[in-house]
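# Close look at the chain arrangement
Each chain, letter by letter, is given below.
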Amino acid sequence: MRLVLLGPPGAGKGTQATRIVTRFAIPQLSTGDMLRQAVAEGTAAGLRVKHIMDRGELVPDDVVVSVIANRIDHSDAVSGFILDGFPRTVAQAEALDQELATRGIKLDAVLELEVDEDALLDRIKGRADDAASRGEPVRRDDNPEVFKTRLSVYREQTAPVTEYYRSQGLLNVVDGLQPIDAVTEQLAAALAAVTSDQIRSDVR
Ligand code: ADP
């Protein structure tokens, strides 16, 4: 099962991706995590993207596309994966389609978590406060000012990706304001429907 998980920052993509990983035994490929790791390790790519990430802007498409293209060739991703935080622009979505096509594979479904912006601002403040109260480091881009930038970047550059996948008939939208378990169940139900459709068309 090859999946993309879409949704604004703070929508709960990471939480839900972790659960899908367990249920479907596919790895979660998070560009945010991979880039943060590159920054922590001080690699050339990490040095190039650190300041961009701190400002809440998008790193260049070629950087993330090559990170993902390398990652999907690892043995654990051969039978499937869930992409979290990628693609974030229509150009990335097109590049992903090309990368998959050269490997003779394609996406099975795109899942979108829909959450309104006021709820997101509350959540992100909660996430930063929770991390601080546990004595854990707060992500540098989890402060209200940078978060507003991330939201406007999402609106302008990432929201059109939804339409890209809707027009391909791949999009499944789930209300991300429901309790965490309810969101998981709706995502699983959407995936079950995709799987049974595929089995039916294989039989035909
Ligand atoms: P979020 O909590 O907003 O989902 P992520 O952990 O996915 O955050 O990403 C953190 C930052 O990493 C983004 O604000 C951006 O700077 C960078 N980033 C992650 N994925 C991409 C991508 N696909 N394209 C461009 N930049 C990305």
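Residues numbered from 1 in each chain as written. Predicted model: local features only at pLDDT ≥ 70, side-chain atom pairs only at ≥ 80, totals over all residues. Heavy atoms only, no water.

### Regarding the UniProt feature "binding site: AMP" (unreviewed entry) in the chain
Quick reminder of the rule: UniProt positions are given in the numbering used here, feature names are shortened, and annotations may be inferred rather than shown by experiment. Strands here are runs of E lasting at least two residues and helices are runs of H or I lasting at least four, both read from the DSSP assignment and numbered beginning at the N terminus. In what follows, residue pairs with any heavy atoms lying within 4.5 Å of each other are defined as contacts.
Mapped onto the present numbering, the UniProt feature "binding site: AMP" (unreviewed entry) falls on Thr31, Arg36, Glu57, Leu58, Val59, Gly85, Phe86, Pro87, Arg88, Gln92, Arg139 and Arg150. Spanning 120 residues, the named residues are also spread out in space, since their farthest C-alpha pair is 24.5 Å apart. Relative to the helices and strands, Pro87 is located in the loop between strand E3 (81-84) and helix H5 (90-102). Those residues in contact with Pro87, other than ones at most four positions away along the chain, are Val4, Leu6, Gln92, Ala93, Leu96, Thr158, Val161 and Tyr165. Its location among the elements puts Arg139 in the loop between helix H6 (117-133) and helix H7 (144-167). Not counting the four nearest positions on each side in its chain, Arg139 is found in contact with Arg36, Arg127 and Arg150.

### Concerning the UniProt feature "binding site: ATP" (unreviewed entry) in the chain
Put simply, the rule reads: With a 1.4 Å probe rolled over the protein chains alone, any residue whose accessible area is under 20% of its type maximum counts as buried; one over 50% counts as exposed, and the rest are partly exposed.
As annotated in UniProt, the feature "binding site: ATP" (unreviewed entry) corresponds to Gly10, Ala11, Gly12, Lys13, Gly14, Thr15, Arg127 and Gln178 in the numbering used here. Tracing the backbone shows Gly10 in the loop between strand E1 (2-6) and helix H1 (13-24). Note on Gly10: relative accessible area 15%, which makes it buried. Setting aside residues up to four positions removed in sequence, Gly10 forms contacts with Leu120, Arg123, Ile124 and Arg127.

### Observations concerning the side chain of Gln16
Operational definition: Polar contacts, as counted here, are pairs of nitrogen or oxygen atoms within 3.5 Å of one another; within protein the pair requires one atom able to donate a hydrogen and one able to accept it, and residues that are adjacent in sequence qualify only if both atoms are side-chain atoms.
With respect to the element layout, Gln16 can be found in helix H1. Separated by 3.2 Å, the side chain of Gln16 and the backbone oxygen of Ile180 make a polar contact. Not counting residues up to four positions away in its chain, the partners in contact with Gln16 are Leu113, Ile180, Val183, Thr184 and Leu187.

### With respect to the site of the ligand
Threshold: Only a single heavy atom is needed: when it lies within 4 Å of a molecule or strand, its residue is near that molecule or strand. A 1.4 Å probe and the Shrake-Rupley method give the accessible areas. Residues count as covered only by the protein chains that appear here.
Around the ligand, the surrounding shell holds 19 residues, and the nearest of these are Thr31, Arg36, Glu57, Gln92 and Arg150. Arg36 is positioned with one of its side-chain polar atoms (N or O) 2.9 Å from an oxygen atom of the ligand. In this structure, an oxygen atom belonging to the ligand sits 2.5 Å away from a main-chain N or O atom of Glu57. When the ligand is considered free in solution it has 550 Å² of accessible area, and contact with the protein chains removes 95% of it. The element that contributes the greatest number of residues to the shell around the ligand is helix H2 (residues 31-41), accounting for four residues.

### Description of the packing of H2 against helix H3 (residues 44-55)
The line we're drawing: Helix axes use the C-alpha atoms of the stretch in contact, all axes being lines fitted to C-alpha atoms, and the angles between their N-to-C directions lie in the range 0 to 180 degrees. Crossing handedness: left-handed means the near helix sits turned counterclockwise from the far one by under a right angle, and right-handed means the same turn made clockwise. Residue polarity is assigned by list, with Asp, Glu, Lys and Arg as charged and Ala, Val, Leu, Ile, Met, Phe, Trp, Tyr, Cys and Pro as nonpolar; anything else, Gly included, falls into the polar class.
Interaxial distance between H2 and H3 falls to 8 Å at its minimum, and their mutual angle equals 115°. Relative to H3, H2 is oriented so that their crossing is left-handed. Along the contact surface, H2 presents Gly32, Leu35, Arg36, Ala38 and Val39, while H3 presents Gly46, Val49, Lys50 and Met53. When grouped by side-chain class, the residues that make up the contact of H2 with H3 number five nonpolar, two polar and two charged.

### Examining the sheet that holds E1
Rules: Two strands pair if DSSP finds at least two bridges between them.
One open sheet holds the five strands; their spatial order is E2-E3-E1-E4-E5, and the pairing between them is parallel. Of all the strands in the sheet, the pair left with one neighbour each is strand E2 (28-30) and strand E5 (171-175). Each strand of the sheet is rotated relative to its neighbour by a mean of 25°, with strand direction disregarded. Bridge count between E2 and E3: three bridges; the pairing is parallel. The residue bridging Gln28 from the neighbouring strand is Ile82, located in E3. The sheet contacts of H1 involve E1, E2, E3 and strand E4 (109-114), and relative to E3 the element is tilted by about 175°. H2 rests against E2 and E3 of the sheet, and its axis sits at about 60° to E2.

### Side note on the packing of aromatic side chains
One pair of aromatic rings is described through two measures. These are the centre distance and the angle between the planes. Formally: Here a pair means two rings of Phe, Tyr or Trp (six-membered ring of Trp) with centres within 6.5 Å. Their orientation is stacked below 30 degrees between planes, edge-to-face above 60, and tilted elsewhere.
This structure, assessed with the given rule, holds one aromatic pair. Here Tyr164 and Tyr165 contribute two aromatic rings whose centre-to-centre distance is 5.3 Å and whose plane-to-plane angle is 75°, an arrangement assigned as edge-to-face. Taking relative accessible area as the criterion, Tyr165 reaches 0% and is therefore assigned buried.

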